[in-house]
Amino acid sequence: MNLLSLNLPNTQKPNGWNRFPMGGYYRPCAEGWLFFSRFSTLTIATTRNITDELLRQIQQELDLEVDLVSTKQNGIWQDLSVTIAPLSGGRGWAIEQGTLILPSAELYPIGVVAHALAQSTALEAIEISVGEIMNEGELLQKGLRKIPWRRDPFIRFIARALRLRHEATASLSLLDKPDFLWESEQLDHLYDGVASWLELKERFKVIDYKLSRLSETIETVVTAIDQSRMETLEWTIIVLIGIEIVVMVADVLKG
């Protein structure tokens, strides 16, 4: 079975979907299912090859404004293949030689895998955004002494950084382990295995660290702006005092 998760920011769930116990929604599709997460990812799970033609068909069926083919070509997405085969010892899943194996293509196990893949895709979107804003922040810090009079770039950076930190924090809260999984030991173990395979926890920690660094960067920029303002005020006072002294001296000389 082939899975493809597409990051679709600012896209709302289409009508007519069923609520999925692990969060988000699902509906049947061509030889499989579609899953739409609360963090705006569409995951396709099907036994068919996920071609551009199939993406156009799904887009038409869902009446989506976003172009799924363009998203796969230029956007953020991840894919994963699941082999359906018998497993010895009554195992519910296995990862062997880099391949995920399930004994059957049932809704809940496939949904668990789709949910973890959707989380991984959403994480990638956050990773890219946080990386970009961190790079911008480092460049601004290097230029603090070179452009003390131009505060607009710093103000715009602070606004974007604060907004990103809020959005990333909110998104990460949605990427927690679904409570539903505690009701099924087998599904719980499946999720843990796939999440470990996709390194979700490690990537969570990296993003959390970068968000902390981002907070420090914001504080540094704000402090630099305040210092710049104080220096400007001090120099203004010095210049005014100097002008007043010059005027006084001129008056004395005239007298």
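### Re the overall build of the protein chain
Line of reasoning, step 1. Regarding its fold elements, the protein chain presents six helices and eight strands.
Line of reasoning, step 2. Along the protein chain, helices (α) and strands (β) appear in the sequence β-β-β-β-β-α-α-β-β-β-α-α-α-α when read from the amino end.
Line of reasoning, step 3. Of all 255 residues assigned to the protein chain, the portion counted as buried reaches 42%.
Line of reasoning, step 4. The long-range share in the protein chain, meaning contacts at least 24 apart out of those at least 6 apart in sequence, stands at 68%.
Line of reasoning, step 5. Within the structure as shown, the protein chain displays about 14900 Å² of accessible surface, and the carbon and sulfur contribution to it stands at 52%.

### Side note on the pairing of strand E4 (residues 32-36)
Line of reasoning, step 1. Summarising burial for E4: five of the five residues are buried, a large majority.
Line of reasoning, step 2. Direction of pairing for E4 relative to strand E5 (residues 41-46): antiparallel, over a ladder of five bridges. Residue pairing in the sheet places Gly 32 in a bridge with Thr 46 of E5.
Line of reasoning, step 3. Linkage of E4 to E5, two consecutive antiparallel strands, is achieved through a turn of four residues, within which Ser 40 is found at a positive phi near 60°.

### Focus on the sheet that holds strand E7 (residues 94-96)
Line of reasoning, step 1. The strand order E2-E3-E4-E5-E1-E6-E8-E7 describes an open sheet built from eight strands, whose pairing is mixed. Two strands lie at the open edges of the sheet, namely strand E2 (18-19) and E7, each paired on one side alone.
Line of reasoning, step 2. The pairing of strand E6 (residues 77-84) with strand E8 (residues 99-102) spans three bridges and is parallel. Within E8, the position partnered with Ile 84 by the bridge is Leu 102.

### Describing unusual backbone geometry
Line of reasoning, step 1. At Gln 97, a residue that is not glycine, the phi angle is positive and equals roughly 55°.
Line of reasoning, step 2. By the element assignment, Gln 97 lies in the loop between E7 and E8.
Line of reasoning, step 3. Taking relative accessible area as the criterion, Gln 97 reaches 87% and is therefore assigned exposed.
Line of reasoning, step 4. Positive phi, normally seen in glycine, also occurs at Glu 199, with a value near 60°.
Line of reasoning, step 5. Checked against the element boundaries, Glu 199 lands in the loop between helix H5 (185-197) and helix H6 (200-254).

### With respect to H5
Line of reasoning, step 1. Between its first and last C-alpha atoms H5 spans 18 Å; for 13 residues at 1.5 Å apiece the expected length is 18 Å, and the two agree.
Line of reasoning, step 2. Those residues of H5 lying buried are Leu 187, Asp 188, Leu 190, Tyr 191, Gly 193, Val 194 and Ala 195.
Line of reasoning, step 3. Positive phi shows up at Glu 199, right after H5, with a value of about 60°.

Cut-off values and rules
- Numbers given to residues run from 1 along each chain, matching the order in which its sequence is written.
- Where totals are concerned, whole chains, interfaces and linings use all residues; where local detail is concerned, this predicted model gives features only for residues with pLDDT of at least 70, and gives and counts side-chain atom pairs only at 80 or more.
- Neither water nor hydrogens contribute to the side-chain values; these are computed over all heavy atoms in the structure.
- Helix and strand labels come from DSSP, where a helix needs a run of H or I of at least four residues and a strand needs a run of E of at least two; each type is numbered from the N terminus.
- Exposure categories follow from relative accessible area, calculated using a 1.4 Å probe and restricted to protein chains: below 20% of the type maximum is buried, above 50% is exposed, and the middle band is partly exposed.
- Here a residue-residue contact requires only that any non-hydrogen atoms of the pair lie within 4.5 Å.
- Areas reported here follow the Shrake-Rupley algorithm with a probe of radius 1.4 Å; residue values treat only the protein chains shown as occluding.
- DSSP bridges decide pairing: two strands pair if at least two such bridges lie between them.
- Helices are assigned an expected span. That span is 1.5 Å times one less than the residue count.

Remember, this is a structural readout, not a statement about activity or role.
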